[in-house]
Amino acid sequence: MKLFKNLWSELKQLKWLNFIFLFVAGCINAVGVNIFLAPVSLYDSGISGTSIFLSQITPEYLTLSIFLLVLNIPLFLFGLKKQGLGFTIYSIFAVAIYSLMSWLINDIFPIDFSGGSPIAHNDLLLCALFGGIISGVGSGMTIRYGGAIDGVEVMAVIFAKKLNITVGTFVMIYNVILYVICGIVFKSWELPLYSVITYALGLKAVDFIVEGFDRSKEVMIITEKPEEISTALIETFECGTTKIDAVGGYSNNPKTIIYFVVNRFQISRMRNLIRTIDPKAFVTISEVADVFKYND
């Protein structure tokens, strides 16, 4: 009974808006892979790249669309307990749209693939660049709206810690092995090497979509003039600060840490403001991946 209630609670948290964006993400991913990568035998990362490879070495009726479903869905179901029901539903939906659009692009829409990519033709560099960016945007949107479009990411979350490596390292190792196998099977390293460009650009595109093009900066200011600095920051930038009591490790003097978030265009002005009030203040600036707040 408790399990049923938990599942029902997760189902109620699903949002229709997320499904709309996941639909768009699946379509974008299908365009990147099927218009730019697959026609010139370049490989995407993870299960998507694996599906392209398997579709090349198996009978024609085993298409990219089929492999996307057959390989991804079991991995998402395997990660159900770890990732949650909502994540699993979102992910399977995104992969289903990705697979459906791949089938439509290749078998239904009147698109001519006889000259390679219908847009970039046989220019491998252009295909690697635009295929990586576009598929990365699709993958990033999927992550941003609660799911994933590649089962390898789920396996990375589950097994990376057990292997004492990071999630990113797990995915990278998988892709390196995939590209090496492709090179050995087809006795050519040109396409796998171009695929590395696709993978790198895809990663950057995912970061931009998930974390934003302009990451905010968190600032920690250790000062003996917290009231003056805090007031000046609030008045200048019209946003709040947080003050944390602290004690100097060497001097044992009471100090205050001011926590503040700015964008990169405000950093120079903030530095000058702090220097004017307290030249002895100690300031650290770090990137933050995302900034949001809950409203009561």
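This text follows the structure it describes.
Below: a short report on this structure. Note that this is a predicted model, so its numbers are computed, not measured.

Re the pattern of salt bridges
In total, this model carries 3 salt bridges according to the counting rule given. The salt bridge partner of Glu224 is Lys255, with a shortest N-O separation of 3.1 Å. With Glu224 in the loop between strand 1 (217-223) and helix 11 (226-237) and Lys255 in strand 3 (residues 254-262), this residue pair connects regions lying 31 residues apart in the sequence. As a salt-bridge pair, Glu227 and Lys243 come within 3.0 Å of each other at their nearest N and O atoms. Residue Glu227 is located in helix 11, and its partner Lys243 is located in strand 2 (residues 242-247); the two are separated by 16 residues in the primary sequence. Given the relative accessible area of 41%, Lys243 is considered partly exposed.

Quick notes on the packing of helix 3 (residues 46-57) against helix 4 (residues 64-78)
Between helix 3 and helix 4, whose axes approach to 9 Å, the crossing angle comes to 140°. With respect to helix 4, the element helix 3 is oriented oblique. Remark: the crossing between helix 3 and helix 4 carries right-handed chirality. Touching Ile47, Ser48, Thr50, Ser51, Ile52, Leu54 and Ser55 of helix 3 are Leu64, Phe67, Leu68, Leu71, Asn72 and Leu75, all from helix 4. Of the residues belonging to the contact of helix 3 with helix 4, the class tally is 8 nonpolar, 5 polar and no charged.

Quick word on the sheet that holds strand 3
As summarised here, the arrangement of the 4 strands in space is 2-3-1-4, forming an open sheet in which the pairing is antiparallel. Edge positions in the open sheet fall to strand 2 and strand 4 (282-287), since each of these has one partner strand only. Ignoring strand direction, the axes of neighbouring strands in this sheet form an average angle of 20°. Sheet contacts for helix 12 (residues 267-277): strand 1, strand 3 and strand 4; angle to strand 4, the most-contacted strand, approximately 165°.

Notes on the packing of aromatic side chains
Per the counting criterion, the structure on display carries 9 aromatic pairs. Their ring planes at 90° and their centres at 6.1 Å tell us that Phe53 and Phe186 sit as a pair that is edge-to-face. In this pair, Phe53 sits in helix 3 while Phe186 sits in helix 9 (residues 167-186), placing the two residues 133 residues apart along the sequence. For Phe53, a relative accessible area of 8% translates into the label buried. Accessibility expressed as a relative area gives 38% for Phe186, which makes it partly exposed.

Conventions we followed
Residues numbered from 1 in each chain as written. Predicted model: local features only at pLDDT ≥ 70, side-chain atom pairs only at ≥ 80, totals over all residues. Heavy atoms only, no water. Salt bridge = Lys/Arg side-chain N within 4 Å of Asp/Glu carboxyl O. Helix = DSSP H or I, 4+ residues; strand = E, 2+ residues; numbered from the N terminus. Buried < 20%, exposed > 50% of the residue type's maximum accessible area, 1.4 Å probe, protein only. Axes fitted to C-alpha atoms, helices over the stretch in contact; angles between N-to-C directions. Parallel < 35°, antiparallel > 145°, perpendicular 65-115°, else oblique. Left-handed = near helix turned anticlockwise from the far one by under 90°. Contact = heavy atoms within 4.5 Å. Nonpolar A, V, L, I, M, F, W, Y, C, P; charged D, E, K, R; others polar. Pairing = 2+ DSSP bridges. Phe/Tyr/Trp six-rings, centres within 6.5 Å; stacked < 30°, edge-to-face > 60°.

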